[in-house]
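The primary structure of each chain is shown beneath.
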Amino acid sequence: MTTANPTPSTVLILGARGRFGLAAVRAFAAAGWRVLAQMRPGATVPADAPAPDTAQVHWLALDLADTAALRAAAQGTTVVVHAINPPYTNAAWQDQALPMLDAALDLCRTLDATLMLPGNVYNFGASMPAVLREGTPQQAATVKGRVRIAMEERLRASDVRSVVIRAGDFFGAGRGTWFDIALASKLHKGVFTYPGPLTVSTAWAYLPDLARTFVAVADRRDRLPAFAVLHFAGHVVTGQRWLDLLTPIAQASGWVRPGAALRPAGMPWWLIRIGALWNPTWAALQEMRYLWSRPHALANDALSALIGREPHTPLPLALQQALADLGLQQAGQPLQRVAHGGVAHLGAVAGKVS
(Lines give C-alpha, C1' and ligand atoms only; values in the text may rest on other atoms or scores of the structure.)
Protein backbone atom coordinates (compact mmCIF):
# COMPACT_ATOMS: atom_id res chain seq x y z
CA MET A 1 0.00 0.00 0.00
CA THR A 2 1.39 3.40 -0.93
CA THR A 3 1.15 6.46 1.27
CA ALA A 4 -0.30 9.63 -0.23
CA ASN A 5 2.09 12.52 -0.57
CA PRO A 6 1.58 15.10 2.17
CA THR A 7 0.04 18.40 1.16
CA PRO A 8 2.87 20.88 0.60
CA SER A 9 3.10 23.97 2.77
CA THR A 10 1.92 27.18 1.11
CA VAL A 11 3.81 30.47 0.97
CA LEU A 12 2.45 33.77 -0.30
CA ILE A 13 5.15 36.04 -1.72
CA LEU A 14 4.15 39.70 -1.90
CA GLY A 15 6.01 41.51 -4.66
CA ALA A 16 6.95 38.32 -6.48
CA ARG A 17 8.08 40.09 -9.67
CA GLY A 18 10.85 41.98 -7.88
CA ARG A 19 14.43 40.74 -7.63
CA PHE A 20 14.15 39.21 -4.20
CA GLY A 21 10.53 38.21 -4.68
CA LEU A 22 11.29 36.21 -7.81
CA ALA A 23 14.35 34.62 -6.17
CA ALA A 24 12.07 33.58 -3.31
CA VAL A 25 9.53 32.12 -5.76
CA ARG A 26 12.25 29.98 -7.28
CA ALA A 27 13.68 28.87 -3.92
CA PHE A 28 10.38 27.93 -2.28
CA ALA A 29 9.15 26.13 -5.42
CA ALA A 30 12.42 24.18 -5.66
CA ALA A 31 11.99 23.13 -2.03
CA GLY A 32 8.53 21.70 -2.71
CA TRP A 33 6.37 24.48 -1.33
CA ARG A 34 3.14 25.57 -3.00
CA VAL A 35 3.88 29.15 -4.01
CA LEU A 36 1.33 31.94 -4.41
CA ALA A 37 3.14 34.74 -6.23
CA GLN A 38 1.47 38.15 -5.90
CA MET A 39 2.01 40.82 -8.51
CA ARG A 40 0.20 44.05 -9.30
CA PRO A 41 -2.84 43.88 -11.61
CA GLY A 42 -1.81 44.22 -15.24
CA ALA A 43 1.70 42.86 -14.67
CA THR A 44 2.95 39.87 -16.63
CA VAL A 45 4.64 36.74 -15.36
CA PRO A 46 8.43 37.00 -15.87
CA ALA A 47 9.68 34.85 -18.72
CA ASP A 48 12.28 33.20 -16.51
CA ALA A 49 9.90 32.42 -13.66
CA PRO A 50 9.18 28.79 -12.72
CA ALA A 51 6.38 27.36 -14.85
CA PRO A 52 2.96 27.90 -13.25
CA ASP A 53 1.16 24.94 -11.71
CA THR A 54 3.72 22.33 -12.71
CA ALA A 55 6.20 23.90 -10.29
CA GLN A 56 3.45 24.51 -7.72
CA VAL A 57 3.59 28.22 -8.57
CA HIS A 58 0.38 30.20 -8.95
CA TRP A 59 0.50 33.87 -9.93
CA LEU A 60 -2.02 36.24 -8.36
CA ALA A 61 -2.56 39.56 -10.16
CA LEU A 62 -3.98 41.29 -7.10
CA ASP A 63 -3.19 44.58 -5.42
CA LEU A 64 -1.77 44.44 -1.89
CA ALA A 65 -4.51 46.84 -0.80
CA ASP A 66 -7.19 44.35 -1.92
CA THR A 67 -6.92 42.41 1.31
CA ALA A 68 -10.22 40.59 0.87
CA ALA A 69 -9.30 39.20 -2.54
CA LEU A 70 -5.81 38.24 -1.40
CA ARG A 71 -7.19 36.55 1.68
CA ALA A 72 -9.64 34.53 -0.40
CA ALA A 73 -6.94 33.49 -2.86
CA ALA A 74 -4.42 32.66 -0.16
CA GLN A 75 -6.38 30.30 2.04
CA GLY A 76 -4.08 27.69 3.57
CA THR A 77 -1.05 29.97 3.51
CA THR A 78 1.27 29.46 6.47
CA VAL A 79 4.07 31.88 5.54
CA VAL A 80 3.93 35.31 3.90
CA VAL A 81 7.13 36.84 2.50
CA HIS A 82 6.96 40.65 2.37
CA ALA A 83 9.14 41.39 -0.67
CA ILE A 84 7.36 44.54 -1.81
CA ASN A 85 8.88 48.00 -1.44
CA PRO A 86 7.89 51.59 -2.24
CA PRO A 87 9.84 53.60 -4.82
CA TYR A 88 13.32 54.56 -3.59
CA THR A 89 12.62 58.19 -2.66
CA ASN A 90 12.48 59.20 1.00
CA ALA A 91 8.99 60.65 0.59
CA ALA A 92 7.66 57.38 -0.81
CA TRP A 93 9.19 55.41 2.03
CA GLN A 94 7.74 57.77 4.64
CA ASP A 95 4.30 57.60 3.05
CA GLN A 96 4.04 53.99 1.93
CA ALA A 97 6.35 51.60 3.80
CA LEU A 98 4.37 51.31 7.03
CA PRO A 99 0.92 51.13 5.36
CA MET A 100 2.25 48.34 3.11
CA LEU A 101 3.55 46.52 6.17
CA ASP A 102 0.24 47.02 7.97
CA ALA A 103 -1.60 45.48 5.01
CA ALA A 104 0.72 42.48 5.14
CA LEU A 105 0.18 42.16 8.89
CA ASP A 106 -3.61 42.27 8.46
CA LEU A 107 -3.34 39.55 5.83
CA CYS A 108 -1.17 37.36 8.07
CA ARG A 109 -3.56 37.88 10.96
CA THR A 110 -6.54 36.56 9.01
CA LEU A 111 -4.52 33.70 7.52
CA ASP A 112 -2.80 32.83 10.82
CA ALA A 113 0.49 32.98 8.92
CA THR A 114 4.06 33.95 9.83
CA LEU A 115 5.37 37.12 8.19
CA MET A 116 8.95 37.10 6.88
CA LEU A 117 10.69 40.37 6.00
CA PRO A 118 14.07 40.95 4.31
CA GLY A 119 15.86 43.59 6.38
CA ASN A 120 18.99 45.63 5.77
CA VAL A 121 21.73 47.52 7.58
CA TYR A 122 20.15 50.97 7.28
CA ASN A 123 18.89 50.68 10.88
CA PHE A 124 22.35 51.03 12.40
CA GLY A 125 23.35 54.41 11.02
CA ALA A 126 26.71 55.94 10.17
CA SER A 127 28.22 55.10 13.58
CA MET A 128 27.66 51.36 13.17
CA PRO A 129 30.45 49.02 14.33
CA ALA A 130 32.36 46.78 11.94
CA VAL A 131 30.47 43.65 13.08
CA LEU A 132 26.69 43.88 13.28
CA ARG A 133 24.77 41.56 15.59
CA GLU A 134 21.07 41.24 16.28
CA GLY A 135 21.46 43.28 19.47
CA THR A 136 23.61 46.04 17.98
CA PRO A 137 22.04 49.44 18.85
CA GLN A 138 20.01 50.93 16.01
CA GLN A 139 20.91 54.61 15.71
CA ALA A 140 19.96 55.57 12.18
CA ALA A 141 19.67 59.27 11.36
CA THR A 142 18.63 58.83 7.72
CA VAL A 143 15.01 58.77 6.57
CA LYS A 144 15.11 55.18 5.35
CA GLY A 145 16.98 54.04 8.43
CA ARG A 146 14.33 55.50 10.72
CA VAL A 147 11.57 53.97 8.60
CA ARG A 148 13.28 50.58 8.80
CA ILE A 149 13.50 50.87 12.59
CA ALA A 150 9.80 51.76 12.73
CA MET A 151 8.92 48.75 10.57
CA GLU A 152 10.71 46.35 12.88
CA GLU A 153 9.14 47.99 15.93
CA ARG A 154 5.72 47.55 14.30
CA LEU A 155 6.42 43.83 13.85
CA ARG A 156 7.67 43.45 17.42
CA ALA A 157 4.53 45.10 18.82
CA SER A 158 2.07 43.15 16.67
CA ASP A 159 0.26 39.92 17.47
CA VAL A 160 1.54 38.32 14.26
CA ARG A 161 4.45 35.90 14.34
CA SER A 162 7.24 37.48 12.31
CA VAL A 163 10.91 37.16 11.47
CA VAL A 164 13.31 39.66 9.94
CA ILE A 165 16.30 38.30 8.04
CA ARG A 166 18.81 41.12 7.69
CA ALA A 167 21.28 41.10 4.79
CA GLY A 168 23.70 43.35 2.94
CA ASP A 169 23.59 44.70 -0.61
CA PHE A 170 21.87 42.42 -3.11
CA PHE A 171 23.56 41.04 -6.20
CA GLY A 172 22.52 38.39 -8.69
CA ALA A 173 19.07 37.45 -9.98
CA GLY A 174 18.56 40.41 -12.28
CA ARG A 175 19.01 44.16 -12.57
CA GLY A 176 18.53 47.19 -10.37
CA THR A 177 21.19 46.79 -7.67
CA TRP A 178 24.51 48.51 -7.04
CA PHE A 179 26.21 45.55 -8.70
CA ASP A 180 24.89 46.29 -12.18
CA ILE A 181 24.17 50.02 -11.81
CA ALA A 182 27.71 50.76 -10.64
CA LEU A 183 30.20 47.87 -10.57
CA ALA A 184 29.27 46.28 -13.91
CA SER A 185 27.97 49.38 -15.70
CA LYS A 186 31.16 50.16 -17.68
CA LEU A 187 32.97 46.83 -17.73
CA HIS A 188 32.59 46.72 -21.51
CA LYS A 189 34.74 49.89 -21.61
CA GLY A 190 37.38 48.38 -19.34
CA VAL A 191 36.22 50.45 -16.36
CA PHE A 192 35.26 49.21 -12.90
CA THR A 193 33.01 51.72 -11.15
CA TYR A 194 32.87 51.60 -7.35
CA PRO A 195 30.92 53.92 -5.02
CA GLY A 196 33.50 54.04 -2.20
CA PRO A 197 37.12 53.37 -1.23
CA LEU A 198 38.41 50.09 -2.64
CA THR A 199 39.82 49.06 0.76
CA VAL A 200 36.55 49.18 2.74
CA SER A 201 34.78 45.85 3.23
CA THR A 202 30.98 45.73 3.07
CA ALA A 203 28.30 43.05 3.28
CA TRP A 204 26.77 41.60 0.11
CA ALA A 205 23.94 39.07 -0.26
CA TYR A 206 23.82 36.79 -3.30
CA LEU A 207 20.06 36.62 -3.81
CA PRO A 208 19.66 32.89 -4.53
CA ASP A 209 21.52 32.14 -1.27
CA LEU A 210 19.38 34.59 0.69
CA ALA A 211 16.19 33.13 -0.80
CA ARG A 212 17.24 29.60 0.15
CA THR A 213 17.88 30.91 3.66
CA PHE A 214 14.31 32.16 3.84
CA VAL A 215 13.11 28.66 2.96
CA ALA A 216 15.32 27.07 5.63
CA VAL A 217 14.08 29.51 8.27
CA ALA A 218 10.45 29.04 7.19
CA ASP A 219 10.87 25.28 7.66
CA ARG A 220 12.05 25.89 11.25
CA ARG A 221 9.89 28.87 12.20
CA ASP A 222 8.24 26.96 15.05
CA ARG A 223 11.59 27.09 16.90
CA LEU A 224 11.62 30.90 16.91
CA PRO A 225 9.98 33.35 19.32
CA ALA A 226 6.97 35.37 18.22
CA PHE A 227 9.30 38.06 16.84
CA ALA A 228 12.81 37.20 15.73
CA VAL A 229 15.67 38.91 13.91
CA LEU A 230 18.38 36.88 12.19
CA HIS A 231 21.47 38.07 10.34
CA PHE A 232 22.55 36.63 6.99
CA ALA A 233 26.33 36.95 6.60
CA GLY A 234 26.59 36.49 2.84
CA HIS A 235 29.89 37.79 1.44
CA VAL A 236 32.08 40.47 2.99
CA VAL A 237 33.92 42.04 0.06
CA THR A 238 36.14 45.02 -0.60
CA GLY A 239 36.08 46.92 -3.86
CA GLN A 240 39.57 45.61 -4.53
CA ARG A 241 38.32 42.02 -4.22
CA TRP A 242 35.58 42.70 -6.77
CA LEU A 243 38.19 44.26 -9.05
CA ASP A 244 40.52 41.27 -8.71
CA LEU A 245 37.73 38.85 -9.60
CA LEU A 246 36.40 40.86 -12.52
CA THR A 247 39.77 41.55 -14.16
CA PRO A 248 40.37 38.03 -15.60
CA ILE A 249 36.77 37.98 -16.85
CA ALA A 250 37.38 41.32 -18.55
CA GLN A 251 40.56 40.00 -20.13
CA ALA A 252 38.85 36.85 -21.42
CA SER A 253 35.96 38.93 -22.75
CA GLY A 254 38.09 41.43 -24.62
CA TRP A 255 37.06 44.38 -22.44
CA VAL A 256 40.75 45.00 -21.76
CA ARG A 257 43.91 43.90 -23.55
CA PRO A 258 45.43 40.53 -22.55
CA GLY A 259 47.37 41.06 -19.34
CA ALA A 260 45.84 44.50 -18.71
CA ALA A 261 43.71 45.37 -15.71
CA LEU A 262 40.36 47.04 -15.39
CA ARG A 263 40.61 50.74 -14.60
CA PRO A 264 38.94 51.61 -11.26
CA ALA A 265 36.74 54.70 -11.21
CA GLY A 266 34.67 56.30 -8.48
CA MET A 267 31.05 57.35 -8.52
CA PRO A 268 30.33 60.99 -9.46
CA TRP A 269 29.13 61.86 -5.97
CA TRP A 270 29.69 65.57 -6.60
CA LEU A 271 27.19 65.42 -9.44
CA ILE A 272 24.75 63.36 -7.38
CA ARG A 273 25.03 65.92 -4.55
CA ILE A 274 24.15 68.76 -6.94
CA GLY A 275 21.40 66.79 -8.65
CA ALA A 276 19.94 65.91 -5.25
CA LEU A 277 18.71 69.50 -4.98
CA TRP A 278 15.92 68.71 -7.44
CA ASN A 279 15.99 64.92 -7.91
CA PRO A 280 14.50 63.08 -4.90
CA THR A 281 15.99 59.73 -5.93
CA TRP A 282 19.49 61.21 -6.04
CA ALA A 283 18.84 62.86 -2.68
CA ALA A 284 18.03 59.45 -1.21
CA LEU A 285 21.21 58.00 -2.71
CA GLN A 286 23.34 60.82 -1.33
CA GLU A 287 21.96 60.27 2.15
CA MET A 288 23.12 56.63 2.12
CA ARG A 289 26.63 57.32 0.80
CA TYR A 290 28.17 56.59 4.22
CA LEU A 291 27.55 52.87 3.72
CA TRP A 292 30.47 52.73 1.28
CA SER A 293 33.00 54.27 3.67
CA ARG A 294 31.98 52.41 6.83
CA PRO A 295 33.23 48.79 6.99
CA HIS A 296 30.52 46.39 8.11
CA ALA A 297 29.73 42.69 8.26
CA LEU A 298 26.77 40.72 9.63
CA ALA A 299 27.38 38.04 12.27
CA ASN A 300 25.16 35.03 11.53
CA ASP A 301 25.60 33.03 14.76
CA ALA A 302 21.87 32.92 15.54
CA LEU A 303 20.97 31.97 11.99
CA SER A 304 23.56 29.19 11.91
CA ALA A 305 22.32 27.86 15.25
CA LEU A 306 18.84 27.57 13.73
CA ILE A 307 19.49 26.19 10.23
CA GLY A 308 23.10 24.98 10.28
CA ARG A 309 25.52 26.27 7.66
CA GLU A 310 24.19 29.28 5.82
CA PRO A 311 23.58 28.72 2.07
CA HIS A 312 26.75 30.11 0.52
CA THR A 313 27.75 30.11 -3.14
CA PRO A 314 31.50 30.78 -3.48
CA LEU A 315 32.00 34.37 -4.60
CA PRO A 316 33.66 33.60 -7.98
CA LEU A 317 30.75 31.33 -8.95
CA ALA A 318 28.17 33.81 -7.66
CA LEU A 319 29.88 36.55 -9.67
CA GLN A 320 29.79 34.49 -12.87
CA GLN A 321 26.11 33.77 -12.43
CA ALA A 322 25.36 37.39 -11.57
CA LEU A 323 26.96 38.45 -14.86
CA ALA A 324 24.93 35.80 -16.68
CA ASP A 325 21.79 37.17 -15.01
CA LEU A 326 22.59 40.53 -16.59
CA GLY A 327 22.46 38.95 -20.03
CA LEU A 328 26.19 38.19 -20.15
CA GLN A 329 27.74 34.81 -20.80
CA GLN A 330 30.08 32.90 -18.58
CA ALA A 331 33.69 34.07 -18.16
CA GLY A 332 35.91 33.00 -21.05
CA GLN A 333 33.18 33.39 -23.66
CA PRO A 334 32.21 36.52 -25.63
CA LEU A 335 30.22 38.79 -23.40
CA GLN A 336 27.63 41.30 -24.47
CA ARG A 337 27.66 44.91 -23.44
CA VAL A 338 25.97 45.72 -20.13
CA ALA A 339 22.74 47.41 -21.14
CA HIS A 340 22.28 49.78 -18.21
CA GLY A 341 24.88 52.02 -16.70
CA GLY A 342 25.99 55.52 -15.90
CA VAL A 343 24.44 58.26 -13.84
CA ALA A 344 21.28 58.33 -15.96
CA HIS A 345 20.24 54.98 -14.51
CA LEU A 346 20.91 55.66 -10.83
CA GLY A 347 17.22 55.59 -10.06
CA ALA A 348 17.24 51.82 -10.51
CA VAL A 349 19.36 51.51 -7.40
CA ALA A 350 16.01 51.23 -5.64
CA GLY A 351 16.78 47.51 -5.57
CA LYS A 352 19.70 48.10 -3.21
CA VAL A 353 18.32 46.15 -0.23
CA SER A 354 15.81 48.94 0.19
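A. Up close: the pattern of salt bridges. If you walk through the whole model with that rule in mind, you get 6 salt bridges. Note that R133 is salt-bridged to D301, the shortest N-O span being 3.5 Å. Taken together, the residues R133 in the loop between β6 (131–132) and α4 (143–157) and D301 in helix α10 (residues 301–307) connect sequence positions 168 residues apart. You can call R133 partly exposed: its relative accessible area is 44%.

B. Fine view of the environment of R241. One can find R241 in helix α7 (residues 239–253). A residue is classified by how much of its surface remains accessible, and R241, at 38% relative accessible area, is partly exposed. Other than its neighbours up to four places away in sequence, R241 contacts L315 and P316.

C. A look at the packing of helix α3 (residues 90–111) against α4. As a packed pair, α3 and α4 sit with axes 10 Å apart at the nearest point and diverge in direction by 15 degrees. When the axes of α3 and α4 are compared, the pair comes out roughly parallel. Classified by chirality, the crossing of α4 by α3 is right-handed. Listed contacts from α4 to N90, W93, Q94, A97, L98, L101, D102 and L105 of α3 are V143, K144, V147, R148, A150, M151, R154 and L155.

D. Local environment of helix α1 (residues 19–30). For α1, spanning 12 residues, the distance from its first C-alpha to its last is 17 Å, which sits close to the expected 16 Å at 1.5 Å a residue. What α1 keeps buried is the set F20, G21, L22, A23, A24, V25, A27, F28 and A29. Directly beyond the C-terminal end of α1, a positive phi value near 95 degrees is found at G32.

E. The layout of surface pockets, seen in detail. Here the second largest pocket is characterised by a volume of approximately 340 Å³. When contributions to the lining of the second largest pocket are tallied by element, the ones reaching two or more residues are α1, α6 (207–219) and α11 (315–325). Top contributing element to the lining of the second largest pocket by residue count: α1, with 6 residues. Residues belonging to the lining of the second largest pocket are distributed by class as follows: 9 nonpolar, 3 polar and 7 charged.

Here is what the cut-offs are and how they apply
Residues numbered from 1 in each chain as written. Predicted model: local features only at pLDDT ≥ 70, side-chain atom pairs only at ≥ 80, totals over all residues. Heavy atoms only, no water. Salt bridge = Lys/Arg side-chain N within 4 Å of Asp/Glu carboxyl O. Helix = DSSP H or I, 4+ residues; strand = E, 2+ residues; numbered from the N terminus. Buried < 20%, exposed > 50% of the residue type's maximum accessible area, 1.4 Å probe, protein only. Contact = heavy atoms within 4.5 Å. Axes fitted to C-alpha atoms, helices over the stretch in contact; angles between N-to-C directions. Parallel < 35°, antiparallel > 145°, perpendicular 65-115°, else oblique. Left-handed = near helix turned anticlockwise from the far one by under 90°. Expected span 1.5 Å × (residues − 1). 1 Å grid on protein atoms, 1.4 Å probe; cavity = no way out; pocket = protein on both sides within 12 Å on 5 of 7 lines; lining within 4 Å. Points joined across faces, edges and corners; volume = space filled by probe spheres on them. Nonpolar A, V, L, I, M, F, W, Y, C, P; charged D, E, K, R; others polar.

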